[in-house]
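Next come the chains, spelled out residue by residue.
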Amino acid sequence: MSSDVKADGRVKSRVANYVGFFEKDSSKDSKAHQDNRLENYTDVINGYYDGATELYEYGWAQSFHFSRFYKGEGFYQSLARHEHYLASQMTLRPGMRVLDVGCGVGGPAREIARFSDVHIVGLNNNDFQIGRARKYTARAGLSNQVEFVKGDFTKLSEQFGENSFDAVYAIEATVHAPTFESVYGEIFKVLKPGGVFGVYEWVMTDAWDPSNPQHKAIAHGIEIGDGIPEMRTTKDARNALRTVGFEIEQEDDLAEREDEIPWYYPLEGDFSKAQTIGDYLTVFRTTKFGMWTTSTAVWILETVGLVPKGTWEVGETLKTAAAALVEGGRTKLFTPMLLFVCRKPQSS
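Residues numbered from 1 in each chain as written. Predicted model: local features only at pLDDT ≥ 70, side-chain atom pairs only at ≥ 80, totals over all residues. Heavy atoms only, no water.

Novice: What exactly am I supposed to notice about the packing of helix 9 (residues 213–226) against helix 13 (residues 311–330) here?
Specialist: In a packed pair of helices, the relevant descriptors are the angle between the two axes and the axis-to-axis distance. Viewed as axis vectors pointing N to C, helix 9 and helix 13 meet at an angle of 140°, and their least axial separation amounts to 7 Å. Pair helix 9 / helix 13 crosses with left-handed handedness. For the pair helix 9 and helix 13, contact is made by Ile218, Gly221, Ile222, Ile224, Gly225 and Asp226 and by Thr317, Leu318, Thr320, Ala321, Ala324, Leu325, Glu327 and Gly328, respectively. A class-by-class count of the residues in the contact of helix 9 with helix 13 yields 7 nonpolar, 5 polar and 2 charged. (Axes fitted to C-alpha atoms, helices over the stretch in contact; angles between N-to-C directions. Helix = DSSP H or I, 4+ residues; strand = E, 2+ residues; numbered from the N terminus. Left-handed = near helix turned anticlockwise from the far one by under 90°. Contact = heavy atoms within 4.5 Å. Nonpolar A, V, L, I, M, F, W, Y, C, P; charged D, E, K, R; others polar.)

And the structure:
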């Protein structure tokens, strides 16, 4: 094994090089920077997640996504309900073979497998996350129902063959693709005729104006803080789905619902919005003191060599992301939960 690769699959140089793909100032982040990220999107994504995965698990959960909140609903319950809602809108049924595109450490796959009694194949291009996903799934006693494989989501048909799955879903993952068409087109190929694709997509909304410097800064903050080569729009996602052949049966931006508790509240560090006693710890981590505590701990771990060099810098970009995500949510310029439920025509 190369000295650059840790035993857990993380690649030291990828973590160290991650922030070099971005200019912190959005006005200086040129098309050349963006083109470089798109061309090297696997390095961008893997460098980010090699550094950020443990921070996500510590600060969030094993399900790396946002969710709506009901009054009085706990954080973890909300995450599970968001996953159940997707499965129900897709009408997943027992015995289906389902592909999870960009599965993270497998939190949603385990939850949806239990909820819908389906067999799930989780696809991920990050060795570190795959190892953790398998460990957590074995611990949950679900290894016979949920499996994980390494692969590129722009080459699904090469790996699985066409017409291989009854259903495919993606939860806040396909935004990392170099284009929506490149990943949606492959999902279309591996679905059986009549199969269903459900996705929670990250997009800039119709209110976003790329010529507005403040709007551009929000999008760029999300990009640099979340390992995204390029943020795209609602229209881009809709057009891409239709271009590759999908029939869109449902389109619904769940962030547009008039919820009393906003989806981004856990990032605000505001204890007054915590819904249960257990949620106070989640909120604490995004307070100024909580972020300072985490930052200091990661700096110490990196200094003594317990995490790869560059992990602290990746962690610092999460602060940028949090601020941009909250502002994008408040201004309705960004949504992490644009829901599409699409069908591959029977004639395909």
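Having seen the model, we can carry on.
Novice: Can you walk me through the packing of helix 3 (residues 41–59) against helix 13 in this structure?
Specialist: Running from N to C, helix 3 and helix 13 cross one another at 70°; their axes reach a closest spacing of 9 Å. Between helix 3 and helix 13, the interaxial angle falls into the category roughly perpendicular. Between helix 3 and helix 13, the residues in contact are Gly47, Tyr48, Gly51, Ala52, Leu55 and Tyr56 and Thr311, Val314, Gly315, Thr317 and Leu318, respectively. Considered class by class, the residues forming the contact of helix 3 with helix 13 number 6 nonpolar, 5 polar and no charged. (Parallel < 35°, antiparallel > 145°, perpendicular 65-115°, else oblique.)

Novice: Explanation requested: unusual backbone geometry in the structure shown.
Specialist: Unlike most non-glycine residues, Glu172 shows phi in positive territory, near 55°. For Glu172, a relative accessible area of 7% corresponds to the buried category. (Buried < 20%, exposed > 50% of the residue type's maximum accessible area, 1.4 Å probe, protein only.)

Novice: Looking at this structure, how should I read the nonpolar core?
Specialist: Soluble globular proteins tend to bury their nonpolar side chains together. With 56 residues, the main nonpolar core has Leu92, Ile120, Tyr169, Trp202, Met204, Ile222 and Met231 as its most contacted residues. Examining the composition of this core, we find that 5 residues originate from one element, helix 13, more than from any other. Apart from the residues within four sequence positions on either side, Ile120 is in contact with Val98, Asp100, Ala109, Ile112, Ala113, Gln145, Val146, Glu147 and Tyr169. (Core = buried A, V, L, I, M, F, W, Y, C linked by side-chain atoms within 4.5 Å.)

Novice: Would you take a moment to explain the side chain of Ser63 for this structure?
Specialist: Structurally, Ser63 is set in the loop between helix 3 and helix 4 (75–89). Within the local environment of Ser63, its side chain forms a polar contact with the side chain of Glu83, the two groups lying 2.8 Å apart. Not counting the four nearest positions on each side in its chain, Ser63 is found in contact with Leu79, Glu83, Gly107 and Pro108. (Polar contact = N/O pair within 3.5 Å; in protein donor to acceptor, adjacent residues only side chain to side chain.)

Novice: Can you walk me through the pairing of strand 2 (residues 119–124) in this structure?
Specialist: Within a regular strand, the side chains alternate between the two sheet faces. Most of strand 2 is tucked away, with 5 of its 6 residues classed as buried. Strand direction decides the pairing type here: strand 1 (residues 97–101) and strand 2, joined by 5 bridges, are parallel. Looking across to strand 2, one finds that Val98 is bridged to Ile120. Following the backbone out of strand 1, through helix 5 (residues 107–116) and into the adjacent parallel strand 2, one traces a crossover that is right-handed. (Pairing = 2+ DSSP bridges. Right-handed = clockwise from strand over helix to strand, strands pointing away.)

Novice: For this particular structure, what's the right way to read helix 9?
Specialist: One turn of the α-helix equals 3.6 residues, which is why residues spaced by three or four share an orientation. With 14 residues, helix 9 extends 20 Å from end C-alpha to end C-alpha; this agrees with the ideal 20 Å at 1.5 Å per step. Taken across its 14 residues, helix 9 has 10 buried, putting it largely inside the fold. Within helix 9, the full set of buried residues consists of His215, Ile218, Ala219, His220, Gly221, Ile222, Glu223, Ile224, Gly225 and Asp226. Positive phi appears at Gly227, one or two residues downstream of helix 9, with a value of about 65°. (Expected span 1.5 Å × (residues − 1).)

Novice: In this structure, what is going on with the sheet that holds strand 1? I would like to understand it.
Specialist: By definition, the strands of a sheet pair up through backbone hydrogen bonds, in either a parallel or an antiparallel sense. On the basis of which strands lie adjacent, the open sheet formed by 7 strands has the order 3-2-1-4-5-7-6 and mixed pairing. One side of each edge strand has no neighbouring strand; the edge strands of this open sheet are strand 3 (146–150) and strand 6 (247–253). Neighbouring strand axes in the sheet, compared pairwise and without regard to direction, differ in orientation by 20° on average. Sheet topology places strand 6 next to strand 7 (residues 334–343); 6 bridges connect them, and they run antiparallel. Bridged to Asp253 within strand 7 is Leu338.

Novice: Where do I start with a nonpolar patch on the surface in this structure?
Specialist: Taken together, the side chains of Trp299, Ile300, Leu301, Val304 and Leu306 make up a nonpolar region of the molecular surface, amounting to roughly 500 Å² of accessible area. Assignment of secondary structure puts Ile300 in helix 12 (residues 288–303). Among the residues examined, Ile300 registers a relative accessible area of 42% and is labelled partly exposed. (Patch = residues over 30% accessible without salt bridge, like charges linked within 9 Å, V, L, I, M, F, W, Y side chains within 5 Å. Areas by Shrake-Rupley, 256 points an atom, 1.4 Å probe, with all protein chains shown as cover. Salt bridge = Lys/Arg side-chain N within 4 Å of Asp/Glu carboxyl O.)

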